[in-house]
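Structural overview
Take a look at the letters that make up each chain.
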Amino acid sequence: MQPEPKVNILLVDDKVENLLALEAILERLGANLVRATSGEEALRSLLHQDFAVILLDVQMPGMDGFETATLIRNRGRSRQTPIIFLTAFSTSDQMLFKGYALGAVDYLLKPIDANILTSKVTVFVELFKKTQAIQRQAAQLVAINRELRQSEERFRSLSTCSPMGIFEIDTTGKCNYTNPRYQAICGLDATESIEKSWLDSVHPEDRESAIASWSTYIYQGGDYSEEFRFQTADGSLRWVQVRSSPMLSGNGELLGYVGTLEDITTRKQSEEIRAQVIREQTARQEAEAANRMKDEFLAVLSHELRTPLTSMLGWSKILRAKKLDEKATAKALEAIERNANSQVQLIEDILDVSRIIRGQLRLNLCPVNLKNVVEAALEAVRPLAEAKSIKINTMLDYSLSHVNGDSARLQQIVWNLLTNAIKFTPKDGEVEVRLEGIYSEVSGDLTDAQIQVIDTGVGIEAEFLPKVFERFRQADSTTTRSHNGLGLGLAIVRHLVELHKGTILAESPGVGQGATFTVRFPLIQENREPQLVPTDNYSVGSDNSSPLAGLKVLIVDDEADSRNFLAFLFEEYGAISSTTASVEAALAVIGQLKPDILISDIGMAEQDGYTLIRKLRALPLEEGGKIPAIALTAFSREEDREQILAAGFQYHVAKPVDPSKLISVVASVLQLSPPVEVS
């Protein structure tokens, strides 16, 4: 196998020392670095070589970078080659506009950051390699198709030149004549071919249908053409096309039948090859489309992750660097918390989609009153609506009976639809929420509960409407899009609705005319009260500032920031906290500290939380073998929770940790009495 040819990168700068610096940075890419000390020399290089990317200095004597770029773009061979301008001067808007108008993909200021340059060039090198690979695959596909056409031409020539099997039978079905090719196809000698019918050579699995079709032909007349598998006495198998026509006398009297047998095994194989090629072409096209969708999704994901991080890190640095007044500090903390919650929701959506793809999303079903679900979702989104001065109108039927569902997931459905409506509705718009019963057109009975979310927002284009519930789909996935989000919410909603045996429909008159989302769930027909489902939630109030006073807590986590945060948290509530960074360190101090409770991370380097709990539970009682333990983990699937509890932990708390919930869980596990309420 020949090594993959090196990719060419053109470096253009009138100063040799700058070229040497660029070569030193890009050397590790393994590309062929071509130097040019002027625009003229760069153009000569482009005459005989293709480049993955051109790094072009703007300020050069004689022909500057802009003039060189203009000439590069005027040549068909280099018209699409990416150009990154390098400049030692601050880039004004006018310079930027001029460069981008000439087809530049980026500007880099000197001195150049090596990591930034390497990452940007790597993108275009990889893109160039992928483009070349696709071109090679296209050429291979052309060759395969050419070979297929040649194979088909050879087959047609063989069919034309080779004699077919010929047979003649009378009106009673007695065979009067067969030719050698007929005999070869049926695997019979001359005598046997007269005594037996061609039907006897048909494969046993096809014989019944062959006899039925032949009998119908003999009864009805006309022409006969069918394909069957033939199996000869030696076990060989071939595909045969059987054709026949009535043989008539001069006055139209039926004398018998004349027919042909044609071995079409080669044609069948060619058809299968063609079908396989078509399947491969289709699969390749689908893979390319999926890759494009994935790239768009990853770009949006990067934006959605980085945007809240910008605010969080910015406010964090301001808080560390300056002494803000109480109002400014509150504003900073609100921004950090709001953006952290945004990232949590983003992660939850991604995890939900992962569970959906793997078929592991499960519901905790019980009778649920939809009125309560809708009101809870409305209360949760009300701040979002108020921030945009959006009026929410409601029409709720309070008399509806219950549906069989998962209360949390039902609220997630309504919450997603409401946040979607608010996001795409401009300021001072309106969102209407309706909950009503649907009656059967046949029996007239009340059968379903219907929830409608109607907005006066931007609407949905007709061509995008069928795709609105697809994963990773957004009507606008460009970097200039005006609405945030990953395009996951509605896909999750559809799956949750279907898990509840419901239906969902999106409607919109068009762009700028709003949208309506309609969800229907089957009602529980028997008249029964909803069952109360026990929960693990504990109220956390503010009437006790030190609810864990004197409690000894051992914290095990290999991340220093997490250890420090947890230690500070427990000490704030009166506990005495100790921290260790590994399983071995924790086991070494448990006997001395004799903690009342253990808080351990699951995912740690070298030895994880499962190893710690196994070793801890193996210790005698007096050495701490029965210490209550709570697991903290970023693994939040149901199967993870079950595995954690089975390993020996008393409780599982998913990251990011809610401080009040963690304190409440500790109080619950230790059965503190009276119930602890913490702010």
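Computed from a prediction, not measured in an experiment: that's the story for all the values here. Numbering of residues begins from 1 in every chain and follows the order in which that chain's sequence is written. The predicted nature of this model means local features are confined to residues of pLDDT at least 70 and side-chain atom pairs, given and counted, to a pLDDT of 80 or more, with totals for whole chains, interfaces and linings taken over all residues. Note that the side-chain values use all heavy atoms of the structure and ignore hydrogens as well as water.

**Focus on the pairing of strand β6 (residues 165-170)**
- Note that β6 and strand β10 (residues 254-263) share 6 bridges and pair antiparallel. By the bridge assignment for β10, D170 is matched with G256. Two strands form a pair only when DSSP identifies at least two bridges running between them. Under the DSSP-based scheme used, a helix requires at least four consecutive residues in state H or I and a strand at least two consecutive residues in state E, with every element numbered from the N terminus.

**A look at the pattern of salt bridges**
- A pair is scored as a salt bridge if a Lys or Arg side-chain nitrogen falls within 4 Å of a carboxyl oxygen belonging to Asp or Glu. Within this structure, the stated rule accounts for 17 salt bridges.
- E272 is the salt-bridge partner of R279, the closest N and O atoms lying 3.0 Å from each other.
- According to the relative accessible area criterion, R279 is partly exposed, its value standing at 42%.
- When its relative accessible area of 46% is taken as the criterion, E272 is described as partly exposed. Classification of residues uses two cut-offs on accessible area relative to the type maximum, computed with a 1.4 Å probe and protein chains only: under 20% is buried, over 50% is exposed, and between them is partly exposed.

**What to know about the packing of aromatic side chains**
- Geometry of aromatic contacts follows a simple scheme: Phe, Tyr and Trp rings, the Trp one being its six-membered ring, pair when their centres are within 6.5 Å, and the pair is stacked under 30 degrees between planes, edge-to-face over 60, tilted otherwise. Summed over all chains, the structure comprises 11 aromatic pairs.
- Both rings, one in F85 and one in Y107, keep their centres 5.5 Å apart while their planes meet at 35°; by these two values the pair is tilted. Taken together, the positions of F85 in strand β4 (residues 83-87) and Y107 in strand β5 (residues 104-109) put the pair 22 residues apart, joining distant regions of the chain.
- Arranged with centres 5.3 Å apart and planes meeting at 90°, the rings of W198 and W214 form a pair that is edge-to-face.

**A closer look at helix α14 (residues 560-572)**
- The span expected for a helix works out to 1.5 Å for each residue beyond the first. Given a rise of 1.5 Å per residue, 13 residues ought to cover 18 Å, and the 18 Å separating the end C-alpha atoms of α14 matches this to within 8%.
- Among the residues making up α14, those that are buried are R563, L566, A567, L569 and F570. Looking straight down α14, one finds its buried side chains confined to an arc of 160°; they lie on one side. For α14, the exposed residues lying more than 90 degrees away from the buried face are D561, N564 and F568.
- Taken from the residues just after α14, G574 is the one with a positive phi, measuring 95°. This arc is taken over the directions from the axis of the helix to the C-beta atoms.

**A look at unusual backbone geometry**
- A cis amide bond links K110 with the next residue in sequence, P111, at an omega value of -5°.
- In the Ramachandran plot, S389 falls in the positive-phi region, its phi being about 55° despite a non-glycine side chain.
- Within the fold, S389 resides in the loop between α11 (370-387) and β12 (391-396).
- Residue class for S389 comes out partly exposed when judged on its relative accessible area of 39%.
- At K501, a position not held by glycine, the phi torsion is positive, near 60°.
- Tracing the backbone through its elements, the reader meets K501 in the loop between α13 (489-499) and β16 (503-507).
- Overall, K501 belongs to the exposed group, its relative accessible area being 70%.

**Some words on the nonpolar core**
- Grouped together as the largest cluster of nonpolar side chains are 45 residues, with contacts concentrated most on L417, L418 and F521.
- The contacts of L418, once residues within four sequence positions are left out, are A377, L378, V381, V431, V433 and V453. Nonpolar cores were defined as sets of buried Ala, Val, Leu, Ile, Met, Phe, Trp, Tyr and Cys residues, with membership established by side-chain atoms within 4.5 Å. We call two residues contacting when some pair of their heavy atoms lies within 4.5 Å.

**Considering the side chain of T87**
- With respect to the element layout, T87 can be found in strand β4.
- There is a polar contact of 3.1 Å between the side chain of T87 and the side chain of Q59.
- The residues touching T87, leaving out its near neighbours within four places in the chain, are D57, V58, Q59, Y107, L108, L109 and K110. Any N or O atom pair separated by 3.5 Å or less is treated as a polar contact, with the protein-specific requirement of one donor-capable and one acceptor-capable atom, and with residues adjacent in sequence counted only for side-chain atom pairs.

**What about the UniProt feature "modified residue: 4-aspartylphosphate" (unreviewed entry) in the chain?**
- The positions that UniProt labels "modified residue: 4-aspartylphosphate" (unreviewed entry) are, in the present scheme, D57 and D601.
- Within the secondary structure layout, D57 lies in strand β3 (residues 53-57).
- When near neighbours in sequence (up to four residues on either side) are disregarded, D57 contacts V12, D13, D14, G65, L86, T87 and K110.
- For D601, the position within the fold is in strand β20 (residues 597-601).
- Overall, the relative accessible area of 5% leaves D601 in the buried class.
- Leave out the neighbours within four places in its chain, and D601 touches V556, D557, D558, G609, L632, T633 and K655. UniProt positions are given in the numbering used here, feature names are shortened, and annotations may be inferred rather than shown by experiment.

**Comments concerning the sheet that holds β16**
- Reading across the sheet, the 5 strands line up as β12-β14-β15-β17-β16 and stay open at both edges, with mixed pairing between neighbours. Edge strands, defined here as strands with exactly one partner in the open sheet, are β12 and β16. Neighbour to neighbour, the strand axes of the sheet diverge by 15° on average, direction disregarded.
- Here β12 runs beside strand β14 (residues 430-439); their pairing, made up of 6 bridges, is parallel. Paired with I392 across the bridge in β14 is V431.
- Against the sheet, α13 makes contact with β16 and β17 (515-522), and its axis sits at roughly 145° relative to β16, the strand it touches most. Axis definition: a line fitted to C-alpha atoms, limited for helices to the stretch in contact. Angles are taken between N-to-C directions and run from 0 to 180 degrees.

**Concerning the pairing of β20**
- Burial analysis of β20 places 5 of its 5 residues in the buried class, the great majority of the element.
- Pairing analysis gives 4 bridges linking strand β18 (residues 552-556) to β20, with the strands arranged parallel. Looking across to β20, one finds that V556 is bridged to S600.
- Strand direction decides the pairing type here: β20 and strand β21 (residues 629-633), joined by 4 bridges, are parallel. Counterpart to S600 in the pairing with β21 is A631.
- Here is how to tell: hold the view so the strands point away, follow the path from the first strand over the helix to the second, and if it runs clockwise the crossover is right-handed. Taken together, β20, helix α16 (residues 609-617) and β21 constitute a β-α-β crossover, and its handedness is right-handed.

**Here's the deal with a nonpolar patch on the surface**
- Candidates for patches are residues over 30% relative accessible area with no salt bridge; among them, like charges are joined within 9 Å and nonpolar side chains (Val, Leu, Ile, Met, Phe, Trp, Tyr) within 5 Å. All accessibility values rest on the Shrake-Rupley procedure with a 1.4 Å probe; residue burial counts only the protein chains present in the view. On the surface, a cluster of nonpolar side chains totalling about 240 Å² of accessible area is made up of I166, Y177 and V258.
- Judged by relative accessible area, which is 35%, V258 ranks as partly exposed.

**Digging into the side chain of D170**
- By the element assignment, D170 lies in strand β6.
- In this tally Asp and Glu are treated as negative and Lys and Arg as positive; neither His nor the chain ends contributes. Within the buried core, D170 has no salt-bridge partner, and the shortest N-O distance to an opposite charge, that of K174, equals 5.8 Å.
- Within the structure, the side chain of D170 is placed 2.6 Å from the side chain of T172, a separation counted as a polar contact.
- Those residues within four positions of D170 in sequence are excluded, and the remaining contacts are N176, L255, G256 and Y257.

**A word on the packing of helix α2 (residues 39-46) against helix α3 (residues 65-74)**
- Viewed as axis vectors pointing N to C, α2 and α3 meet at an angle of 20°, and their least axial separation amounts to 10 Å. Put simply, α2 runs roughly parallel to α3. As α2 runs across α3, the sense of the crossing is right-handed. When α2 is examined against α3, the residues G39, A42, L43 and L46 are found in contact with a partner set consisting of T68, L71 and I72.
- Just so you know the grouping, Ala, Val, Leu, Ile, Met, Phe, Trp, Tyr, Cys and Pro go in nonpolar, Asp, Glu, Lys and Arg go in charged, and all remaining residues, Gly too, go in polar. Grouping the constituent residues of the contact of α2 with α3 by class yields 5 nonpolar, 2 polar and no charged. Just so you know how the angles are binned, under 35 degrees is roughly parallel, over 145 roughly antiparallel, 65 to 115 roughly perpendicular, and the rest oblique. Note: crossing handedness is left-handed where the near helix turns anticlockwise from the far helix by less than a right angle, and right-handed where it turns clockwise.

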